[in-house]
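Working through the structure, step by step
Now for the letters of each chain:
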Amino acid sequence: MPLDRINPPHLSPPAGFSHAVVATGARLVFLAGQTALDADGKVVGDTLPAQFRTALTNLLAALGAAGGTPADLARVTVYATDVAAYRINAPELGRIWRELAGRDYPAMAVIGATRLWDEQAMVELDGTAVLP
């Protein structure tokens, strides 16, 4: 396994992320930011969870096209236009993550953004994966 997830016991228990990820693979995959764009380039989904599902699906599709799987994700950054709404929806977002990506959590951060490239987008995800 090219990724070793580190969660020291003296840090707050992680929920939906790992505190550190040590990568020892052979190939790095840098994943561009993905929003809830459909194949026609339109933002879909009227709720944060709906947009998160599509954005994560898009991120994982790009990763899969590069030969990776969700377990290869070392780092994911989430950009949210409403961090308070992200926190409120965190339980549902966590269920979506586990459904699509499993429980091998990357190192993660959520960053508040005034707006994203696509004005209707509420959330964007980018990441780095390490492939064996």
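This text goes with the structure placed above it.
The rules we used
- Residues numbered from 1 in each chain as written.
- Predicted model: local features only at pLDDT ≥ 70, side-chain atom pairs only at ≥ 80, totals over all residues.
- Heavy atoms only, no water.
- Helix = DSSP H or I, 4+ residues; strand = E, 2+ residues; numbered from the N terminus.
- Rg over C-alpha atoms; globule rule 2.2 N^0.38 Å.
- Buried < 20%, exposed > 50% of the residue type's maximum accessible area, 1.4 Å probe, protein only.
- Areas by Shrake-Rupley, 256 points an atom, 1.4 Å probe, with all protein chains shown as cover.
- Lys, Arg positive; Asp, Glu negative; His and termini not counted.
- Charge placed at Lys NZ, Arg CZ, Asp CG, Glu CD.
- 1 Å grid on protein atoms, 1.4 Å probe; cavity = no way out; pocket = protein on both sides within 12 Å on 5 of 7 lines; lining within 4 Å.
- Points joined across faces, edges and corners; volume = space filled by probe spheres on them.
- Nonpolar A, V, L, I, M, F, W, Y, C, P; charged D, E, K, R; others polar.
- Core = buried A, V, L, I, M, F, W, Y, C linked by side-chain atoms within 4.5 Å.
- Contact = heavy atoms within 4.5 Å.
- Expected span 1.5 Å × (residues − 1).
- Arc of directions from axis to C-beta.
- Pairing = 2+ DSSP bridges.
- Axes fitted to C-alpha atoms, helices over the stretch in contact; angles between N-to-C directions.
- Parallel < 35°, antiparallel > 145°, perpendicular 65-115°, else oblique.
- Left-handed = near helix turned anticlockwise from the far one by under 90°.

1. So, the overall build of the protein
Counting its secondary structure elements, the protein contains 3 helices and 6 strands. Its helices and strands taken in sequence order, the protein reads β-β-β-α-β-α-α-β-β from the N to the C terminus. Computed over its C-alpha atoms, the radius of gyration of the protein comes to 14 Å, within 12% of the 14 Å expected for a compact globule of 132 residues. Overall, the protein is about 35 × 35 × 25 Å in size when its C-alpha atoms are taken along their principal axes. Here the protein, with 132 residues, has 36% of them falling under the buried criterion. Of the roughly 7,200 Å² of accessible surface on the protein, 55% is carried by carbon and sulfur atoms. Counting 10 positive and 13 negative side-chain charges, the protein places the centres of these two groups 6 Å from one another.

2. Some words on the layout of surface pockets
Its volume calculated, the largest pocket comes out at about 400 Å³. Forming the walls of the largest pocket are 16 residues, and the residues nearest its centre are Ala15, Gly16, Tyr86, Ala90 and Val110. Looking at the lining of the largest pocket, the elements with two or more residues in it are helix H2 (83-88), helix H3 (90-101) and strand S5 (107-112). Among the elements that make up the lining of the largest pocket, the one with the highest residue count is H3 (5 residues). Classifying every residue of the lining of the largest pocket by side-chain character gives 12 nonpolar, 2 polar and 2 charged.

3. Quick word on the nonpolar core
If you look at the biggest cluster of nonpolar residues, it comprises 23 residues, and the most contacted ones within it are Phe52, Leu73, Trp97 and Leu125. Looking at which element gives the most residues to this core, the answer is helix H1 (residues 48-65), with 7 residues. When near neighbours in sequence (up to four residues on either side) are disregarded, Trp97 contacts Phe52, Leu56, Leu73, Val76, Gly102, Tyr105, Pro106, Met108 and Leu125.

4. Some points on H3
In a regular helix each residue adds 1.5 Å, so 12 residues correspond to 16 Å; H3 covers 15 Å between its end C-alpha atoms and thus fits that length. Within H3, the full set of buried residues consists of Leu93, Gly94, Ile96, Trp97 and Ala101. All buried residues of H3 project into a common sector of 160° when viewed along the axis, lining one side. Buried residues belonging to H3 abut H1, strand S4 (73-80), H2, S5 and strand S6 (123-131). Residue Gly102 follows H3 closely and has a positive phi angle near 85°.

5. Comments concerning the sheet that holds strand S3 (residues 27-34)
The mixed open sheet is built from 4 strands, whose spatial order is S3-S6-S4-S5. In the strand order of this sheet, the two ends are held by S3 and S5, each with one partner. Neighbour to neighbour, the strand axes of the sheet diverge by 10° on average, direction disregarded. With 7 bridges joining them, S4 and S6 adopt antiparallel strand pairing.

6. Side note on the packing of H1 against H3
Contact geometry of H1 with H3 gives a least axis separation of 10 Å together with a crossing angle of 25°. Taken together, H1 and H3 sit at an angle that is classed as roughly parallel. In this structure, H1 crosses over H3, and the sense of that crossing is right-handed. Counted together, Leu48, Pro49, Phe52, Arg53, Leu56, Thr57 and Leu60 of H1 and Glu92, Leu93, Ile96, Trp97, Glu99, Leu100 and Ala101 of H3 form the full contact between these two elements. Split by residue class, the contact of H1 with H3 holds 10 nonpolar, 1 polar and 3 charged.

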